[in-house]
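Coordinates in review
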Amino acid sequence: MSGIIAVYALVIAVLIAGDMAPPPESYSLFTGFMHLAAGLSVGLSGLAAGYAIGIVGDMGVFTA
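Within an unreviewed UniProt entry, the label attached to the chain reads V-type proton ATPase 16 kDa proteolipid subunit 2, and the organism entered is Lithohypha guttulata. Under the heading Sequence similarities (unreviewed entry), UniProt records this for the chain: "Belongs to the V-ATPase proteolipid subunit family."

Structure (structure tokens):
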């Protein structure tokens, strides 16, 4: 289940890498911030989902 989160990050990385061009092309500041925001949103949501999966899994095996 948690492997799907890594696939989302891989898809975003491929999309960002595909949007970049060789050095003669211009890379605008807006595009850079857009790529940064996309990477951070996927990374932080993956981190939060990983913590949630870990907490739920820990509670699932907790015996009182």
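The structure having been displayed, the exposition proceeds.
Attention now goes to the side chain of H35. On the secondary structure map, H35 appears in helix 2 (residues 29–60). With relative accessibility at 10%, the residue H35 sits in the buried group. Sequence-distant contacts of H35, defined by excluding residues within four places in its chain, comprise I16, D19, M20 and Y27.

A word on the UniProt feature "transmembrane region" (unreviewed entry) in the chain. UniProt feature "transmembrane region" (unreviewed entry): in the numbering of this structure it lies at residues 33–56. Between the C-alpha atoms that bound residues 33–56 there is a distance of 34 Å. The span itself is 100% helix and 0% strand.

For A21, the position within the fold is in the loop between helix 1 (3–19) and helix 2. A C-alpha to C-alpha distance of 26 Å links A21 and L44, two positions 23 residues apart in sequence.

Definitions and limits used
Residues numbered from 1 in each chain as written. Predicted model: local features only at pLDDT ≥ 70, side-chain atom pairs only at ≥ 80, totals over all residues. Heavy atoms only, no water. UniProt positions renumbered as here; feature names shortened; annotations may be inferred. Helix = DSSP H or I, 4+ residues; strand = E, 2+ residues; numbered from the N terminus. Buried < 20%, exposed > 50% of the residue type's maximum accessible area, 1.4 Å probe, protein only. Contact = heavy atoms within 4.5 Å.

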